[in-house]
Structures are given as structure tokens and as C-alpha cells.
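Examining the three-dimensional arrangement
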2 protein chains.
Amino acid sequence: MTTERRSDCPISSALDIFGDRWSLLVIRDLLFKGKVRYGEFLDSEEHVSTNILADRLRTLQAHGLIDKQVDPDHGSKFIYSLTQKGRDLAPMLVEMILWSAEHDPTTAASEDFVAAARRDKRELLRRLLRPGNEQIGT
Amino acid sequence: MTTERRSDCPISSALDIFGDRWSLLVIRDLLFKGKVRYGEFLDSEEHVSTNILADRLRTLQAHGLIDKQVDPDHGSKFIYSLTQKGRDLAPMLVEMILWSAEHDPTTAASEDFVAAARRDKRELLRRLLRPGNEQIGT
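Considering the overall build of chain A
- Across its full length, chain A carries 8 helices and 2 strands.
- Taken from N to C terminus, the helices and strands of chain A fall in the order α-α-α-α-β-β-α-α-α-α.
- For 138 residues, the compact-globule estimate of 2.2 N^0.38 gives 14 Å, and the C-alpha radius of gyration of chain A, at 15 Å, lies within 12% of that figure.
- Its C-alpha atoms give chain A principal-axis dimensions of roughly 40 × 40 × 25 Å.

What about the pairing of strand 1 (residues 66–71) of chain B?
All names here are of chain B.
- In terms of strand pairing, strand 1 meets strand 2 (residues 74–82) through 6 bridges, oriented antiparallel. Following the sheet pairing, Asp67 is matched in strand 2 by Ser81.
- Hairpin geometry of strand 1 and strand 2 is characterised by an intervening segment of 2 residues between the two adjacent antiparallel strands.

Description of the environment of Arg56(B)
All names here are of chain B.
- Mapped onto the secondary structure, Arg56 falls in helix 4 (residues 50–62).
- According to the relative accessible area criterion, Arg56 is buried, its value standing at 18%.
- The spacing of Arg56 and Val26 is 30 residues in sequence and 8.2 Å in space, taken between C-alpha atoms.
- Once you skip the residues sitting within four places of it in the chain, Arg56 turns out to touch Asp20, Trp22 and Ser23.

A word on the interface of chain A and chain B
- Contact residues are listed per partner, giving 45 residues for chain A and 45 residues for chain B.
- Buried surface at the junction of chain A and chain B, summed over both partners, amounts to about 3,800 Å²; 67% is from carbon and sulfur atoms.
- Of all residues in chain A, Ile11(A), Arg21(A) and Trp99(A) give up the largest surface area on contact with chain B, accounting jointly for 20% of the area buried on that side.
- Counting the contacts that link chain A with chain B gives 4 salt bridges.
- Arg5(A) is the partner of Asp104(B) in a salt bridge, and the nearest nitrogen-oxygen pair spans 2.3 Å.
- Linking chain A with chain B are 22 residue pairs in polar contact (both at pLDDT 80 or more).
- Here the element with the most residues in the side of chain A that touches chain B is helix 6 (residues 90–103) of chain A; it accounts for 10 residues.
- Along the lines of polarity and charge, the residues of the side of chain A that touches chain B split into 21 nonpolar, 10 polar and 14 charged.

Here is what the cut-offs are and how they apply
As a convention, each chain's residues are numbered from 1 in the sequence order in which they are written. Chain labels run from A onward and ligand labels from 1 onward, assigned in the order the entries are written. Local features in a predicted model are, by the rule used here, given only for residues with pLDDT of at least 70; side-chain atom pairs are given and counted only at 80 or more, and totals for whole chains, interfaces and linings are based on all residues. For the side-chain quantities, the full set of heavy atoms in the structure was used; hydrogens and water were omitted. Strands here are runs of E lasting at least two residues and helices are runs of H or I lasting at least four, both read from the DSSP assignment and numbered beginning at the N terminus. Only C-alpha atoms enter the radius of gyration, while the globule expectation follows 2.2 Å times N to the 0.38, with N the number of residues. Two strands form a pair only when DSSP identifies at least two bridges running between them. When a residue's accessible area, from a 1.4 Å probe over protein chains only, is under 20% of the maximum for its type it is buried; when over 50% it is exposed; and in between it is partly exposed. Here, two residues are considered to be in contact whenever any of their heavy atoms come within 4.5 Å of each other. By buried area we mean the combined loss of accessible area, with a 1.4 Å probe, across both parts when two parts are placed together. Within this document, salt bridges are pairs made up of a side-chain nitrogen of Lys or Arg and a carboxyl oxygen of Asp or Glu, the two lying within 4 Å of each other. Under the rule applied, a polar contact is a pair of N or O atoms within 3.5 Å (in protein, one hydrogen donor and one hydrogen acceptor; residues adjacent in sequence only if both atoms are side-chain atoms). All amino acids are sorted into three groups, where Ala, Val, Leu, Ile, Met, Phe, Trp, Tyr, Cys and Pro are nonpolar, Asp, Glu, Lys and Arg are charged, and the leftover types, Gly among them, are polar.

Below is the structure:
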């Protein structure tokens, strides 16, 4: 499950874990969109395939970025959540949103979100990572 | 060269551009390691293949993250540089380094770099992006 590390570089080793678009879209769904179930990730507009999604969920869990628990409403299904290690990717994703907002105004970055991030990133992250928060979209 | 955008999400559209490990390693080489030539990127310890490297350089240039100019020392070769759009990925890469430093102490993130980033990210970025800087490694 865990891939071999290609070098000791902190950027490269991070990319060995989540350096493909689909892993970070799962983190995005958990962090910004309040999605927690396999079917909800599958339903995202980027149309991830079932085998890629299943693989990325396993890999993210193997690396300790997400946890899964049995869904109390559906005993055969699971609910996913970010661990602290996964939540700690929030600053990186916020920088990615700001980069897109700066360089590609046609993306759907929320003006309120971008303004809040430019004003005070620390405060935005505090609000974003507050337990139970599912309100702050991008 | 430019891939079709999978959604209007600012994270997804950024990942459509650089959401693979090799693109960001080229940005890393330009930003932190002072590498500017094809052969220098090829020589990085992650061992990118020639066809992937050539493809990523073309894609990064097509999206305006890097420029290339004829190498004055070798008329048949090129020197690559980051555009402003490429340099603006520095905050995201710094967050990636901090994430690795926090969650995987076995990576080779420089203690000085991490301490400087934790103390004052804005000042670190200012020094990192200063014209002619090739001193700040990770």
C-alpha cells in the first residue's frame, strides 16, 4: 500500500503519498465539502472511477491521513474522516485555492473565502478546522 | 498540451495543471535547487524518465508556469526559468515542506528552513523569491 520513497526530499516524499490529483480531491471533499462516504466522493463532479477512488482511500488510510468507521446508519458501509495529519494539509490546499484565484479567475473560488484567506490565513484555518464545521466552501 | 478542465473547482483546476508528482518536482528544482537545464532536472535523485520530463516541461510552459530561452553557452539547448505564475507556487510548496517536517521527521527538510518558515513565512518567501537567490535549500 505504501509506495517506496523516491528520495529524502520533503516535497518528494509528500508527493509519494498524495502526489496525484485524486488523493487531494478526496482530502478536499472531506475538508471543504462535508463529504464523508464513498458514494459521496464518487459523486464529485470530477468523476473519479470506482477503482481509483477505492485505491486512493486505502492509500490515504495506510499513510494515516484518513480514518474510517462503520456507518451507524448502514452497517456494511463506512464513514471517512480526516486525521490530524490529513487536516494539516489544509494550509497547502488554501494556498492552492489562492493560486488559482490569482492566476485563473474562471475557477469557482468563492470571493468570500479568498478575501478571508488573504486577510488572515490563520483565522480562516482556525474556522475551517473547527470541529463540526462543514460551512466553509471554497 | 493543455488538458481539459474536469470541474470549476479551484483545487481541481490547479491539479489539472500540476497535479502529478513530476511537475511539482521540476518547480521544486527551479525554486529551491537552482537547477535550470533539462540535464539538471534529469539528474535529480527521483530519476524522472526523459519522456515524462520532456512532457512536463512542455505542459508547464504551455500553462505559463515556466519559460525557456536558448542557453547562451549551448545554442542547441535551453535554460528554463519560473514565471511569476510559477513562482507563486512557492507558498504551497513551503506548506508541503512544513507538513512533511511535522509528520515525517525522516525527510531531509532543513531545520533552519523549517524554523524560518514557522517563524515568519512571509519573510522566508521574500528571501526565497529574491532575484538571483539560489541559496535557500530545503
